[in-house]
Amino acid sequence: MTDSKPTQPASGTTASLEPETTESSSQDDNTSSTPEASGKVPSTDSRKQAANASQQADPRTRVDAPLPSDVDYESPLLRSLVHLFSILGRPVTLEQLKSGLPEHGVPSHTSACLRAASQAGMHAKVTRRNSLSEISTLTLPCIILLKNKGAGVLTSLTDTHAEVIFPEMGNTPISVLRDKLNEEYAGYVIFGQINGRLDKRASELKLLKTKRWFWDTILYFFPIYKHVGLASIIINLLALASPLFFMNVYDRVVPNNAVDTLWVLAAGIGIALVFDFILRNLRSYFCDVAGKNADVILASRLMQHIMALRLDDKPDSTGTMANNLREFESLREFFSSTTLLAIIDLPFLFIFLALIHFIGGPMVFIPAIAVPLVIIVGLLLQYPFQRAIEAGYKEGAQKHALLIEIINGIETVKTSMAEGHMQQLWEKVVGMSAKSSNHAKRLANFSMTFTMFAAQAVSVFIIVVGVYRISEGELTMGGLIACNILAGRAMAPLSQIAGMLSRMQQSRMALKSLDLIMQLPTEAQDEYTGISYEKLEASITFDSLAFKYPNAERFALEDIHLKIREGERVGIIGRMGSGKSTFGKLCVGLYRPTEGAVKLGGVDIRQMDIADLRSRTGYVSQDNYLFYGSVRDNIAIGNPQADENAILRAAAIAGVTDFVQSHPAGFGMQVGERGMALSGGQRQSIALARALLTDPDIIILDEPSSNMDNGSEHAFKKKLSHIVTGKTLLLITHRLSMLDVVDRLIVMDNGRVVADGPKAAVLEALKNDQIKKAPTRAA
Ligand SMILES: Nc1ncnc2c1ncn2[C@@H]1O[C@H](COP(=O)(O)OP(=O)(O)OP(=O)(O)O)[C@@H](O)[C@H]1O
């Protein structure tokens, strides 16, 4: 084996901030040993161990640990996957692979990596191969799993040697002795194949493709529904047993007192009933399994799509969108319920009718007329029902939107004494929604009761006509009972179908609205070149940029030509609504420029993978949104497996440590929903720590200290100016005191840059009123 010493983290680049005596309750794992120096295939997390080893001496000095950006915490398996993608001709970045994975951060499990591969367009599967000799050279390259959670890409294999890319050791294959590799080999291989990709010319098929998100998943579970169908067929055939039993008992057993025959028949029907019982249970079990599995997949696909939606195209109302998603429940329930089985039961109606004809002759006309009558009435009701459901759906969405708005803004509702107004709006929308939902209910109810009425009428007619036929000697007593039971069976699926049709309309509506969401474009860039930019200069260029928000009448930014060089600290100031925050949002790709381009290190950000872009930038928006959970969870929300030292470091800089250390739960302190249990300043600190966690090269802060007191702001400024050394800082602020940390100042007005230059010169010009206002924005 060649030299495989892992790269040691740069010990020189440490944050010299003094820790605020905070200790993390959790300890890092795998920290007791350092990686072997040479002659071995590198073991898992060797770099992580090396990075952590230096910190173990004194946990209180953890913020002096290597900077998060200098330590490689990624799983070798995921890194190997990146190499495999690259060799197979579709380069992807690590961030691209990880983005959206539930285990974001350290998706070390094979299943998570396979999911990542599939999302990025590779069909990969894990295969058992006991030794390297079982791997055909024709199947190379492939990922081999090594002992201790290691992995590498096997690129070539000869009788004596193997060439492997060990992710810890760079991008080139390293020649190792085959026997040595066999010792480390864990017995599993991942073979991957890149899926074909349609180009833009096939975009007209896109609509079709998005519509299939639902049906493809349902079809995937078709094999289970096949079992359900088979069980239904047998159940329907067994249903013939009881009328035949009754007929034989009344016609043969009773007149002849044939007790022996009775017992034989009873035993037969008993067996049929037991089978019927078992099959019915199995059928509903299979339905549940298929429904549950489809539910998990569909719900996960929906959420994945929603999180990837481009903000430019996202529906305006959160409440309406939430309502659409809620309707997914009705869709799921429709497909997992046994009601759907009524469709399978329907063709058996003809068998029942045939049997009635066989036993009762013309008596078959009674159900044969009732059945189409019920179906026609049901179908006639569909159109008004559909309209009522559509109206109810829209009103329900509006109701939900208003409800969410009121609950979110409850403090404002109270303090502005808007309760009366809100109550009025609420009652209006509730009234409307109740009206259409009542109409839909009435129609559904009518359809159900009509079917029940028809079924009972059929039974009465059969008895009446049957009695005449008995008196004419055309029918036996047993035949009459059998015909009555069979007619009941024939009518049974109809009442289920009546219920099903009403639910089907609801599900159709739900599917329609979910389809609309699934057709919305996602952040996956059309222009993305697939090139992974390992090292990019941390500069930002705005090239003839103009930007208009979706549905806005005027440009928020116009005619912007700017370059922010690597390592520059730039402040952006300006009046309210002058476009400062929009700058930040465009830099992190939340919106796309309407005209011109935003470039990072000279590369148009539309050509970069969105996850890659965001991993290079630390962004704190004006609205600090926290999620229910602990302070730690919120800091590490983008990477729950983040290293404790990195969390402590980010928390210390952002001032989180200052307030959590006096709390008994420390970093476990609960922030409440939307961070309601914290003050505005505390929320801001956590949002800051979140952005600084990965030690990004570009830091964009939008009003980072607007909620801080003077003391906290002063402390934050001191720490910030230290950590941004060598990094690019874009500081959007109204507070002149924050400008101490910047060297260059940009003044915005009406969406244009009206001054740009060294801080002192711009401030002087401002003082002397030498900066002109921009003309009013164009529509
Ligand atoms: N989501 C949005 N949809 C439509 N228009 C928007 C949206 N966000 C901002 N705008 C408009 O864009 C313009 C610039 O807004 P921006 O938030 O960038 O201003 P700002 O300078 O950061 O203001 P402030 O100092 O008040 O935060 C404003 O006229 C605003 O009305």
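The name recorded for the protein in an unreviewed UniProt entry is ABC transporter, from Halodesulfovibrio spirochaetisodalis. Taken from UniProt, the Subcellular location (unreviewed entry) comment for the protein reads in full: "Cell membrane".

1. Some points on the overall build of the protein
Scanning the protein from N- to C-terminus turns up 25 helices and 16 strands. Residue burial in the protein is summarised as follows: out of 779 residues, 48% are buried. Looking at the protein alone, contacts between residues at least 24 apart form 74% of all its contacts between residues at least 6 apart. Of the roughly 38200 Å² that the protein leaves accessible, carbon and sulfur atoms contribute 57%.

2. Considerations on the pairing of strand 3 (residues 150–157)
If a strand is regular, its side chains alternate between the two faces of the sheet. Most of strand 3 sits inside the fold, with 6 of its 8 residues counted as buried. Two elements, strand 2 (residues 142–146) and strand 3, share 5 bridges in a ladder whose sense is antiparallel. Counted as the bridge partner of Leu146 is Gly150 from strand 3. Joining the antiparallel neighbours strand 2 and strand 3 is a turn of 3 residues, in which Asn148 adopts a positive phi near 55 degrees. Bridge count for strand 3 against strand 4 (residues 161–165) is 4 bridges, and the pairing is antiparallel. Across the sheet, the residue bridging to Ser156 is Glu163, located in strand 4. In this structure, the hairpin formed by strand 3 and strand 4 is closed by a connection of 3 residues.

3. As for the environment of Asp604
Note on placement: Asp604 falls in strand 11 (residues 603–604). The contact partners of Asp604, leaving out residues within four places of it in the chain, are Ala597, Val598 and Lys599. A polar contact is formed between the side chain of Asp604 and the side chain of Arg606, at a distance of 2.9 Å.

4. Overview of the pairing of strand 13 (residues 698–702)
For strand 13, the buried fraction is high: 5 of the 5 residues fall into the buried class. The alternating pattern of strand 13 places Ile698, Ile700 and Asp702 on one face and Ile699 and Leu701 on the opposite face, and all of these are buried. Across 5 bridges, the pairing between strand 13 and strand 14 (residues 728–732) is parallel. Bridging across to strand 14, Ile698 finds its partner in Thr728. In the classification by handedness, the crossover that spans strand 13, the intervening helix 24 (residues 710–723) and the parallel strand 14 is right-handed.

5. Let's talk about the packing of helix 8 (residues 241–256) against helix 9 (residues 259–308)
Interaxial distance between helix 8 and helix 9 falls to 10 Å at its minimum, and their mutual angle equals 170 degrees. On the basis of the axis angle, helix 8 is roughly antiparallel to helix 9. Contact residues: Ala241, Ser242, Phe245, Asn248, Val249 and Val253 in helix 8; Thr261, Leu262, Leu265, Ala266, Ile269 and Ala272 in helix 9. Looking at the contact of helix 8 with helix 9 residue by residue, the classes come out as 9 nonpolar, 3 polar and no charged.

Thresholds, definitions, all that
- Residues numbered from 1 in each chain as written.
- Predicted model: local features only at pLDDT ≥ 70, side-chain atom pairs only at ≥ 80, totals over all residues.
- Heavy atoms only, no water.
- UniProt positions renumbered as here; feature names shortened; annotations may be inferred.
- Helix = DSSP H or I, 4+ residues; strand = E, 2+ residues; numbered from the N terminus.
- Buried < 20%, exposed > 50% of the residue type's maximum accessible area, 1.4 Å probe, protein only.
- Contact = heavy atoms within 4.5 Å.
- Areas by Shrake-Rupley, 256 points an atom, 1.4 Å probe, with all protein chains shown as cover.
- Pairing = 2+ DSSP bridges.
- Polar contact = N/O pair within 3.5 Å; in protein donor to acceptor, adjacent residues only side chain to side chain.
- Right-handed = clockwise from strand over helix to strand, strands pointing away.
- Axes fitted to C-alpha atoms, helices over the stretch in contact; angles between N-to-C directions.
- Parallel < 35°, antiparallel > 145°, perpendicular 65-115°, else oblique.
- Nonpolar A, V, L, I, M, F, W, Y, C, P; charged D, E, K, R; others polar.

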